[in-house]
Amino acid sequence: MSTKIFWCQSCLNMSTRPRIEFNGEQICNACQWSKEKSVFDWTKREEELQNLLEKYRAKDQKSFDCVVPVSGGKDGSYVAHVLKTRYGMNPLTVTVRPALSSNIGNRNLSAFIEAGFNHVHVSPSATVMQKLNRLGFIEKGFPYYGWLIAIKTAVIQTAMNFKIPLIFYGEDGEVEYGGSTENKNKALYSIDYMKRVYFEGGYEKVFSKVLEDPGVSEGDLAFWQFPSDEEVKTHDLAFTHWSYFEPWDSYRNYVVAKEHCGLEEKEENNSGTFTNFAQNDQKLCSLHFYLMYLKFGFGRTTSDAGIEIRRGAMSRDQALNLVRLFDGHYPEEFIEEYLEYYQMDITEFNGVLDKYANKDLFRKEKNSNSISEWKPNFAVDVEFEI
Amino acid sequence: MNVVIIDYGLGNVASLSSAIKEVKNCNLIVSNSEQDIFQADKLILPGVGSFDQAMANLRSLDLVRIITSAAESIPILGICLGMQILCSSSTEGSLTKGLDLVAGEFNKFVSTEYTIPHIGFNQVDVSNPSILFEDISDNPDFYFVHSYRLHSAENILSHRTQYIDSFISAFESKYIFGTQFHPELSQTNGSKLLQNFLDYDA
Amino acid sequence: MLRKRLIFVLIYSEGFFCQSRNFRLQKVGKVDWIIDNYKFSEVSKYIDELIILDASPTKDIARFCDDVQIIIENIHIPKCFGGGISSLGGVSKLFAAGADKISINSLAFDDPRACKEIISQYGSQSIVASIDYKSEDGHEIVYKSNGTIATGIELSQHVNFLNEIGFGEILLNSMDRDGTGFGYDLDKIISISNLSTVPIIALGGAGNKNHFHAGLLIENVGAVATANLFNFMEDALGISRDYLLEEKINLAKW
């Protein structure tokens, strides 16, 4: 039975995007939500936010009262800044150190802290992180799987240890950029959601697999453990997305972070896209986006273009030109570092990529330098069947 | 065919050269030598800058004499400031005299309502049949950028444009041609006009 | 009847053409990238003029002229070059490189007399004044030196000053809107175009053809411009121009 592959008529989200939903006019849920946002009654959400903050605000005015995971980038910086200055909260910001952090990422994080925020820098064991990342890369095609888990687990643990139940993540990417809408109208979300959606159900598998490595003990994985349901209840932990309470606007976040938190952009485009101000903190990001391209047919440019289209800065036609030009960039500038990090040779590395390339969407071809490349079987925005 | 762009130190020679080369296969040189000018089949007098400076440069290069003489038998196209130079005088600077090959005086635009200089595309009335505008559509747009203009000129076929008032935007006679606008900056209309001039057989 | 204009702007810095966002530059590509991805010989059929500005922190006018000459080869439309002009010498280099007009910004503050000299030598119609301004506490304050130094001077005051010096046109650039794709600072453009005795080119914030439309509907505006390198690739400028003409905007036809 064949499946039709198509693109959102409003942005350029592809129907292959996991969990994405479309309406009868082939408009994706991110665009539908974006339209809704402009006429939405945010006063109710603001009220909910005030109530939530009141409940958790430090009554003694001496302690931290919320946790904001940050990387030094625009989104976490924005949320922390607003919680502090607009709502008078006392956020503790937390960074989980990624592997292969970039110079600009490090500079931005320092600038953020220097802007005047309380901050905890969590560094889970780099060797265990490497093993988890490597496993995630091979088993799930997620190059920084270990870090993706730790930004949940290690942050939650930090919150618990500081006795701060309320954690503000940035945006629910599923709702904002296309995917599952199950949490669209829910202020709080669960660990189950994290495991099911963010880790795509691979948490337990990768966990047990890494324990097969004689060099890894259960104790080594301490930072990657979730609290039990009991512990969540007794600590009254509340996980929420800022995007639930205020219309999420990444460009606005960028402008505010630049002004108040010392955010610096890269001098050039990030690889595989036309922007220079998002997700600058770690080098594995480019690999993550390339895998996304191989799995689903769209890359970082498509995602960034969607954001520009939805905020009215660019039309779909204009975005199409950019996607055709920049999308699906093979991160050759980082390959040497990736190989060293994963302790792989190029054959093994490309073998993993080959595994995840969707053979209905891509074919392997030798380019002008006789190097095998995955080439799309499709043209962007031209519907086809597989 | 020899085409000479007269070089007197003022003028967007590069723009003009490349525009000409695109429309006509010719031997194009940029020169102020008497020999080159007299051997030309067509002469182009460009102009970007001030009238005073232009006339001063022409005098010091002996080009006043050379051009006046050459224009008796070689068609010459004056563009913008070049057109101004072909005429009697201009109130720009200190009432300097031009080559006086066309009887007419340039004056500055005056208006409290409209912005000056006149900058941008504007239409030329081409209802009178002419060499320059042959096969060019009605009311064609050409690119203007000037503060001084010619109200009237004697004994020469003129085409007019409306900005603040009506002024002469192009004229032509057997050997003397002038455009206030820049054909080399005027897209397809401009290319056609240049081609018409270059193809013209006096 | 004088037409309004649609102008494309290229921002150059140290060998690269850049995307600017609130005056932070992102290097996009060198000359070859622009040639490959912005087929200017095609694009030039849809725009009235081209402006190329050197926003390099340290200027190298020779390199700028070299790079620019490659871009403009076979482009037969009005071209304005600018950036770091501090003397007659610089002006003549830009004209020699193929400029039809040149643009001056900081020199209007640093040496108005030199500006007058340049204008008297080359004619006011060839000299554009460019203004970069930002909103601060309800006032529009003009900046110089690629938007790095606040002059403390209010926008309308500066426009009057520039009119007095004798510049032929004004390129009015909103630093707040720059690169945001949020559209032009329409209120300011309206008031400045009513105030100025020379034509105003509006710049800063255009992301799509609707922004151009809104800008061109302003009665006294002379032209709208965009420096948005990403939003107008391929045929996007052509599509914009066709749309504007369909909407009966007063643009030239050829």
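That block above? That's the structure.
Residues numbered from 1 in each chain as written. Chains lettered and ligands numbered in written order. Predicted model: local features only at pLDDT ≥ 70, side-chain atom pairs only at ≥ 80, totals over all residues. Heavy atoms only, no water.

Novice: Any details on the overall build of chain B? Residues and values, ideally.
Specialist: Scanning chain B for helices and strands turns up six helices and 13 strands. A globule of 202 residues ought to have a C-alpha radius of gyration of about 17 Å, and chain B, at 15 Å, matches this closely. The principal-axis extents of the C-alpha atoms in chain B amount to approximately 50 × 40 × 30 Å. Relative to its full complement of 202 residues, chain B shows a buried share of 60%. Taking the contacts inside chain B whose residues are at least 6 apart along the sequence as the reference set, 70% of them involve residues at least 24 apart. In the form shown here, chain B has an accessible surface area of approximately 7400 Å², with 44% of it arising from carbon and sulfur atoms. Both charge centroids of chain B, one from 11 positive and one from 23 negative side chains, sit 3 Å from each other. (Helix = DSSP H or I, 4+ residues; strand = E, 2+ residues; numbered from the N terminus. Rg over C-alpha atoms; globule rule 2.2 N^0.38 Å. Buried < 20%, exposed > 50% of the residue type's maximum accessible area, 1.4 Å probe, protein only. Contact = heavy atoms within 4.5 Å. Areas by Shrake-Rupley, 256 points an atom, 1.4 Å probe, with all protein chains shown as cover. Lys, Arg positive; Asp, Glu negative; His and termini not counted. Charge placed at Lys NZ, Arg CZ, Asp CG, Glu CD.)

Novice: For helix H14 (residues 316-326) of chain A, give the residues involved together with the corresponding values.
Specialist: Counted residue by residue, H14 of chain A has eight buried out of eleven residues, so it is predominantly covered. All buried positions along H14 of chain A are accounted for by Arg316, Gln318, Ala319, Leu320, Asn321, Leu322, Val323 and Phe326 of chain A. In this structure, the buried side of H14 of chain A is in contact with helix H13 (300-310) of chain A together with helix H1 (31-37) and helix H10 (236-246) of chain C. Glycine 328 of chain A sits one or two residues past H14 of chain A and shows a positive phi near 70°.

Novice: Explain the interface of chain A and chain C residue by residue, including any values.
Specialist: Opposite the 23 residues of chain A that make contact, chain C presents 24 residues. Three residues, Tyr251, Gln318 and Asn321 of chain A, lead the burial of chain A against chain C; their summed loss comes to 26% of the area buried on that side. Taken together, the links from chain A to chain C amount to two salt bridges. For glutamate 265 of chain A, the salt bridge identified is with arginine 24 of chain C, shortest N-O distance 3.1 Å. The interface formed by chain A and chain C includes 15 residue pairs in polar contact (both at pLDDT 80 or more). Going through the elements one at a time, helix H11 (250-260) and H14 of chain A are the ones with two or more residues in the side of chain A that touches chain C. Per-element tally for the side of chain A that touches chain C: the top contributor is H14 of chain A, with five residues. (Buried area = accessible area lost by both parts, 1.4 Å probe. Salt bridge = Lys/Arg side-chain N within 4 Å of Asp/Glu carboxyl O. Polar contact = N/O pair within 3.5 Å; in protein donor to acceptor, adjacent residues only side chain to side chain.)

Novice: Give me the lowdown on the state of the cysteines, citing residues and values where you can.
Specialist: Applying the stated criterion across every chain, the model contains zero disulfides over all chains. Just so you know, cysteine 31 of chain A is unpaired, no disulfide at all, and the nearest cysteine sulfur is the one on cysteine 11 of chain A, 3.6 Å from it. Here cysteine 80 of chain C stays free of any disulfide, with the sulfur of cysteine 65 of chain C as its closest cysteine sulfur at 13 Å. (Disulfide = S-S within 2.5 Å.)

Novice: Outline the pairing of strand E10 (residues 169-174) of chain C, supporting the account with residue identities and numerical values.
Specialist: Residues and elements named next belong to chain C. Burial runs high along E10: six of the six residues are buried. Of the two faces of E10, the one holding Glu169, Leu171 and Asn173 and the one holding Ile170, Leu172 and Ser174 are both buried throughout. Strand direction decides the pairing type here: strand E7 (residues 127-136) and E10, joined by six bridges, are parallel. Bridge pairing in E10 places isoleucine 131 opposite leucine 172. The sheet contact formed by E10 and strand E11 (residues 200-203) spans four bridges and is parallel. Within the sheet, the bridge partner assigned to leucine 172 lies in E11 and is alanine 202. Once you follow E10 into helix H8 (residues 186-195) and on to E11, the crossover reads as right-handed. (Pairing = 2+ DSSP bridges. Right-handed = clockwise from strand over helix to strand, strands pointing away.)

Novice: Could you give an account of the interface of chain B and chain C, with specific residues and numbers?
Specialist: Listed per partner, the contact involves 32 residues of chain B and 35 residues of chain C. By the criterion of area lost to chain C, the three top residues of chain B are Ile119, Phe121 and Gln187 of chain B, representing 24% of everything that side buries. In this assembly, chain B and chain C are joined by one salt bridge. Between aspartate 141 of chain B and arginine 3 of chain C there is a salt bridge, with the nearest N and O atoms lying 2.9 Å from each other. Counting every contact that joins chain B to chain C gives 15 residue pairs in polar contact (both at pLDDT 80 or more). Of all the elements in the fold, those that place two or more residues in the side of chain B that touches chain C are helix H1 (13-23), strand E8 (118-123), strand E9 (141-146), strand E11 (157-163) and helix H6 (187-199) of chain B. At six residues, the largest contribution of residues to the side of chain B that touches chain C is made by E8 of chain B.

Novice: Which residues make up the pattern of salt bridges, and what values do they have?
Specialist: Throughout the structure, instances matching the rule amount to 43 salt bridges over all chains. The closest approach of N and O atoms between aspartate 354 of chain A and lysine 364 of chain A, which form a salt bridge, is 2.9 Å. With a gap of ten residues between them, aspartate 354 of chain A in helix H16 (residues 346-356) and lysine 364 of chain A in strand E8 (residues 362-366) connect regions that are remote in the sequence. Lysine 101 of chain C is the partner of glutamate 169 of chain C in a salt bridge, and the nearest nitrogen-oxygen pair spans 2.6 Å. A residue pair is termed long-range when its members are at least 10 positions apart, and glutamate 169 of chain C in strand E10 and lysine 101 of chain C in strand E6 (residues 101-104) qualify at 68 residues. For the pair formed by glutamate 169 of chain C and lysine 101 of chain C, the shared burial category is buried. Each member of the salt-bridge network shares a partner with another, and the members are Arg5, Glu49, Lys101 and Glu169 of chain C.

Novice: Before we move on, could you go through the packing of helix H3 (residues 61-72) of chain C against helix H4 (residues 88-96) of chain C and cite the residues and values that matter?
Specialist: Residues and elements named next belong to chain C. Two elements in contact, H3 and H4, have axes separated by 10 Å at closest approach and are oriented at 20°. As judged from the angle between their axes, H3 and H4 are roughly parallel. Read as a crossing pair, H3 and H4 show a hand that is right-handed. Contact residues: Ile61, Phe64, Cys65 and Gln69 in H3; Gly90, Lys93, Leu94 and Ala96 in H4. (Axes fitted to C-alpha atoms, helices over the stretch in contact; angles between N-to-C directions. Parallel < 35°, antiparallel > 145°, perpendicular 65-115°, else oblique. Left-handed = near helix turned anticlockwise from the far one by under 90°.)

Novice: So, unusual backbone geometry: which residues are in play, and what are the values?
Specialist: Cis geometry is found at the peptide bond from isoleucine 116 of chain B to proline 117 of chain B, where omega equals 10°. Residue placement: proline 117 of chain B occurs in the loop between strand E7 (102-108) and E8. Even without being glycine, aspartate 381 of chain A reaches a positive phi, approximately 70°. In this fold, aspartate 381 of chain A is placed in the loop between strand E9 (372-376) and strand E10 (384-385). Note on aspartate 381 of chain A: relative accessible area 27%, which makes it partly exposed. In this model, glutamine 187 of chain B sits at a positive phi of 50°, which is unusual for a non-glycine residue. By secondary structure assignment, the location of glutamine 187 of chain B is in helix H6. On the basis of relative accessible area, glutamine 187 of chain B is assigned to the buried category, the value being 11%.

Novice: Describe the packing of helix H12 (residues 284-296) of chain A against H16 of chain A, with residues and values.
Specialist: Think of two packed helices as two axes; the pair is described by the angle between the axes and how far apart they sit. All names here are of chain A. Close contact between H12 and H16 brings their axes to 8 Å; oriented N to C, the two are set at 40°. In terms of their interaxial angle, H12 and H16 are classed as oblique. Residue-level contacts link Leu287, Tyr290, Leu291, Leu294 and Lys295 of H12 to Phe349, Leu353 and Tyr356 of H16. Residue composition of the contact of H12 with H16, by class: seven nonpolar, no polar and one charged. (Nonpolar A, V, L, I, M, F, W, Y, C, P; charged D, E, K, R; others polar.)

Novice: Just give me the short version of the packing of aromatic side chains, but keep the residues and values in it.
Specialist: Taken as a whole, this structure holds 62 aromatic pairs over all chains when the rule is applied. For the ring pair tyrosine 87 of chain A and tryptophan 242 of chain A, a centre distance of 5.9 Å and an interplane angle of 70° mean the geometry is edge-to-face. On the criterion of sequence distance, the pair formed by tyrosine 87 of chain A in the loop between helix H3 (74-85) and strand E3 (91-96) and tryptophan 242 of chain A in the loop between strand E7 (238-241) and H11 is long-range, its members being 155 residues apart. Each member of the pair, tyrosine 87 of chain A as well as tryptophan 242 of chain A, is classed as buried. Measuring from centroid to centroid gives 6.4 Å for tyrosine 169 of chain A and tyrosine 189 of chain A, while their planes differ by 65°, and the two rings are edge-to-face. Taken as a pair, tyrosine 169 of chain A in strand E5 (residues 166-169) and tyrosine 189 of chain A in strand E6 (residues 188-189) lie far apart in primary sequence, 20 residues in all. Residues tyrosine 169 of chain A and tyrosine 189 of chain A agree in their burial class; the two are buried. What links up through ring pairs into an aromatic cluster is the set Phe109, Tyr114, Phe133, Phe142, Phe144, Tyr163, Phe167 and Phe181 of chain B. When the ring centre of tyrosine 244 of chain A is taken as origin, the NZ or CZ atom of arginine 45 of chain A, which lies over that ring, is 3.8 Å away. (Phe/Tyr/Trp six-rings, centres within 6.5 Å; stacked < 30°, edge-to-face > 60°. Lys NZ or Arg CZ within 6 Å of the ring centre and 35° of its normal.)

Novice: I'd like a rundown of the nonpolar core, residues and numbers included.
Specialist: Phe349 of chain A together with Phe8, Tyr38, Phe40, Ile52 and Phe167 of chain C are the most contacted members of the largest nonpolar core, which has 169 residues in total. Among the elements that make up this core, the one with the highest residue count is helix H6 (residues 145-161) of chain A (eleven residues). A domain-level breakdown of this core finds at least three residues from each of domain 1 (4-39 + 265-385) and domain 2 (43-244) of chain A. When near neighbours in sequence (up to four residues on either side) are disregarded, phenylalanine 349 of chain A contacts Phe137, Leu287, Tyr330, Ile335, Tyr338, Leu339, Tyr342 and Met344 of chain A. In this structure, Leu43, Ile66, Ile85 and Ile156 of chain B belong to the second largest nonpolar core, which totals 34 residues. (Core = buried A, V, L, I, M, F, W, Y, C linked by side-chain atoms within 4.5 Å. Domains from an automatic or database assignment.)

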